[in-house]
Amino acid sequence: MELTARPTHPARRAAVRDADGMAVASFILGLLGLLVLNVFLGPIAIALGSVALWRGTTRRGRAFLGLGLGIADLLVLVAFMHFDSTVSWNF
C-alpha cells in the first residue's frame, strides 16, 4: 500500500502563505519600531504577530519575535517617556 500526501486545498495554502507574510512583517515592523515610530509600529507588530500565530503560520519563530519586539517597542517608548517626561522622545 502506497502512502501519498493528501493535496492541500488551495485556499488553505493561500491562508498559510498570508500568515507567513504577516509573521515576517511583524518581525520587520517590530525591529524597525525600536528605532522610529515605536508608538505606531509596536502595536502593529503585536497585532500582526498575534494574527499570524492564530492563523497557523509555519514561521512561528518570526511571529514570536515580532510579538516580542512589538512589546519591546512599547517598553522603550514608556522608558524614554519616563526619562523625558514627554509623550515623545528624541536623542
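Residues numbered from 1 in each chain as written. Predicted model: local features only at pLDDT ≥ 70, side-chain atom pairs only at ≥ 80, totals over all residues. Heavy atoms only, no water.

### Observations regarding the environment of Leu 32
Next, step 1: For Leu 32, the location among the structural elements is in helix α1 (residues 10-33).
Next, step 2: The exposure class assigned to Leu 32 is partly exposed, which follows from its relative accessible area of 41%.
Next, step 3: Placed 41 residues apart in sequence, Leu 32 and Asp 73 show a C-alpha to C-alpha distance of 9.1 Å. (Helix = DSSP H or I, 4+ residues; strand = E, 2+ residues; numbered from the N terminus. Buried < 20%, exposed > 50% of the residue type's maximum accessible area, 1.4 Å probe, protein only.)

### Remarks on helix α3 (residues 60-84)
Next, step 1: Taking 1.5 Å of rise per residue, 25 residues should cover 36 Å, and α3 covers 36 Å from first to last C-alpha, within 8% of that figure.
Next, step 2: For α3, every residue scored as buried is listed here: Ala 63, Gly 66, Leu 67, Leu 69, Gly 70, Asp 73 and Leu 77.
Next, step 3: Just beyond α3, the residue with positive phi is Ser 85, at close to 60°. (Expected span 1.5 Å × (residues − 1).)

### Section: the packing of helix α2 (residues 38-54) against α3
Next, step 1: Taken N-terminus to C-terminus, the directions of α2 and α3 make an angle of 155°; their axes are 8 Å apart at the nearest point. If you check the angle between α2 and α3, you find them roughly antiparallel. Seen from above, α2 lies across α3 with left-handed handedness. Every residue of α3 that contacts α2 at Asn 38, Val 39, Leu 41, Gly 42, Pro 43, Ala 45, Ile 46, Gly 49, Ser 50, Ala 52 and Leu 53 is listed here: Arg 60, Ala 63, Phe 64, Gly 66, Leu 67, Gly 70, Ile 71, Asp 73, Leu 74, Val 76 and Leu 77.
Next, step 2: Classifying every residue of the contact of α2 with α3 by side-chain character gives 14 nonpolar, six polar and two charged. (Axes fitted to C-alpha atoms, helices over the stretch in contact; angles between N-to-C directions. Parallel < 35°, antiparallel > 145°, perpendicular 65-115°, else oblique. Left-handed = near helix turned anticlockwise from the far one by under 90°. Contact = heavy atoms within 4.5 Å. Nonpolar A, V, L, I, M, F, W, Y, C, P; charged D, E, K, R; others polar.)

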